[in-house]
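One-letter residues, chain by chain:
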Amino acid sequence: MSRLATQRVANGRRAHIVGWGMAVPERVLNNHDLSTMVDTSDEWIRQRTGIVERHIVGDGETTFSLALRAAQSALEVANLDPAQLDLVVVATVTPEYYFPATACLLQDALGAEHAAAFDLSAGCSGFVYALSVAADLIAAGGYKHCLVVGAETLSRITDWTDRNTCVLFGDGAGAVILEANGAPGGILSSVLGADGSGKDLLIVPAGGSAQPANAETVQARQHTVQMDGRQVFRFATRIMPEASRRVLSRAGLTVQDISLVIPHQANDRILQAAARSLGIEEERMYSNLSRYGNTSSASIPIALCEAIERGLVKRDAVLLLTGFGAGLTWAATVLRWSLPLPVPVPPRRMTFWRNLRYRWVQLRSRWRQFWRQVDSRLFQILYDREGRRKR
């Protein structure tokens, strides 16, 4: 057993998923719609990707707004007061801003006043990366409740004139609540990896310090996803089964012990190749790719939420979450489900008070912003530039 897995057992504290939620935009863009935008067809997209439609954000919808909806749903399932959260992690490659972190915006909107917050960027592997980090912090004893979110608005960085990439991506968010618990089960082991030599295979070239935004980079569409699809396919079909076997070995399990695989939803051919390599029937490989497309770090938590709601996850089930992404990165986590299902629906009065609290939190946040402006103005009136009191 690896040092990582041993630590989670030795401390008697494992991270258990006790809440989950997802959010997708209302607008749906199907393959027929895309055929009017670029030189493609429904048949061409289905045969090469398995995707039929994807959800795309509209005006006023952002990575943060999707993350907030998913997080609120997860907290409701867990019946947890946001003030009890110790940590908020958002995995995303499409943050609200360069800074501050989207996780900080989420922490404020939820009223998670005692929580630390940060974003994590690991491409489509991001959610499993974040899950592993949060689980290790719980195992170390410093945290009890962690909110882990995968949220993306990939449509904002998609080149809608490039048929090789625009047919792939969609928007959405998924979230889970992790809770420290000494009971059997929970997250058993994780495997994380990276190979930066593949950085150019999946990249948004401009907008960072290497190529700051200017008229030329915008005109050349360098702020959109660029991908070498063939090389990414070869990488994915090799690394997903490899990482899956390693994480199972760390947990002392085999492929036969898996109840359900929840992979990153990238391409139907990749999922089929991974299933064949692992020797897993397609019934044990969950896929919702046809309805959402590739939502990057949001794909695994969205798929997990759907699998739970469809009754595919039972108590004591062994789940394998595995993915790959830009970087290049890869990640896999194996967990034993410990929560009885279905979860009781909270009473209406609890939902009412929770919604009321969110409104109060929003007002409090606006008041704090206003007071900071007043305080700044008062300081300018009362003190000079050296910080000395004016006479």
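Position labels on residues start from 1 in each chain and follow its written sequence. Local features in a predicted model are, by the rule used here, given only for residues with pLDDT of at least 70; side-chain atom pairs are given and counted only at 80 or more, and totals for whole chains, interfaces and linings are based on all residues. Side-chain calculation: all heavy atoms of the structure are included, whereas hydrogens and water are not.

(A) Broad picture of the overall build of the chain. Runs of H or I in DSSP of at least four residues are treated as helices and runs of E of at least two as strands, each being numbered from the N terminus. Check the secondary structure of the chain and you find 13 helices and 13 strands. The globule rule used here is 2.2 Å times the number of residues to the 0.38 power, and the radius of gyration it is set against is calculated over C-alpha atoms. On C-alpha atoms alone, the chain measures out to a radius of gyration of 22 Å, which is about the 21 Å that the 2.2 N^0.38 rule sets for 391 residues. Principal axes of the C-alpha set define a box for the chain whose edges measure 80 × 55 × 40 Å. With a 1.4 Å probe rolled over the protein chains alone, any residue whose accessible area is under 20% of its type maximum counts as buried; one over 50% counts as exposed, and the rest are partly exposed. The burial tally for the chain puts 51% of its 391 residues in the buried class. Intrachain contacts of the chain at a sequence separation of at least 6 include 77% that bridge at least 24 residues. Carbon and sulfur atoms make up 51% of the accessible area of the chain, which amounts to about 18,600 Å² in all. By definition in these notes, contact holds between two residues if any of their heavy atoms fall within 4.5 Å. With residues, only the protein chains shown are counted as cover, and all accessible areas are computed by Shrake-Rupley using a 1.4 Å probe.

(B) A look at the pairing of strand β1 (residues 14–23). Burial within β1 is extensive, with nine of its ten residues counted as buried. Criterion used throughout: strands pair if DSSP finds at least two bridges between them. Inspection of the sheet shows β1 paired to strand β7 (residues 171–181) by nine bridges, in the antiparallel sense. In the sheet register, A15 faces β7, and the bridge partner there is A180.

(C) Highlighting the packing of aromatic side chains. Each Phe, Tyr or Trp ring, with Trp reduced to its six-membered ring, pairs with another whose centre is within 6.5 Å; inter-plane angles below 30 degrees give stacked pairs, above 60 give edge-to-face pairs, and intermediate values give tilted ones. All told, the structure shown has six aromatic pairs when counted by the stated rule. When the ring of W367 is compared with that of W371, the centres are 6.4 Å apart and the planes differ by 20°; the resulting orientation is stacked. One end of the pair is W367 and the other is W371, both in helix α13 (residues 348–382) and four residues apart, which spans about a single turn. Cluster of aromatic residues (ring-pair linked, three or more members): F235, F324 and W330.

(D) Broad picture of the side chain of S365. Here S365 lies in helix α13. When its relative accessible area of 11% is taken as the criterion, S365 is described as buried. Separated by 2.7 Å, the side chains of S365 and D108 make a polar contact. Under the rule applied, a polar contact is a pair of N or O atoms within 3.5 Å (in protein, one hydrogen donor and one hydrogen acceptor; residues adjacent in sequence only if both atoms are side-chain atoms).

(E) The sheet that holds strand β5 (residues 116–120), seen in detail. Read from one edge to the other, the open sheet built from five strands follows the order β1-β7-β6-β4-β5, with strand pairing classed as mixed. On the outer flanks of this sheet lie β1 and β5, each paired with one strand and no other. Strand-to-strand, the axes of this sheet are offset by a mean angle of 20°, without reference to chain direction. When strand β6 (residues 145–153) meets β7, the two strands line up antiparallel, connected through nine bridges. In the strand pairing of β7, E152 is matched with G172. Across the sheet, helix α4 (residues 63–78) touches β1, β6 and β7, and the angle it forms with β1 is around 125°. Lines fitted to C-alpha atoms define the axes, with helix axes restricted to the stretch in contact, and inter-axis angles between N-to-C directions lie between 0 and 180 degrees.

(F) A look at α4. Its 16 residues give α4 an end-to-end C-alpha distance of 22 Å, which sits within 8% of 22 Å, the value for a rise of 1.5 Å per residue. Those residues of α4 lying buried are T63, F64, S65, L66, A67, L68, A70, A71, A74, L75 and A78. Buried residues along α4 sit against β1, α5 (102–110), β6, β7 and α13. With its phi angle positive at about 55°, N79 sits one or two positions after the end of α4. Expected helix span is taken as 1.5 Å per residue step, with the number of steps being one fewer than the number of residues.

(G) Summary view of the nonpolar core. In this structure, L178 and I262 are the most contacted members of the largest nonpolar core, which totals 38 residues. In terms of residue count, helix α6 (residues 126–139) provides more of this core than any other element does, eight residues in total. Core analysis: the second largest hydrophobic core is formed by 30 residues, F235, V247, L278 and M285 among them. What makes a nonpolar core is a set of buried Ala, Val, Leu, Ile, Met, Phe, Trp, Tyr and Cys residues whose side-chain atoms join them at distances within 4.5 Å.

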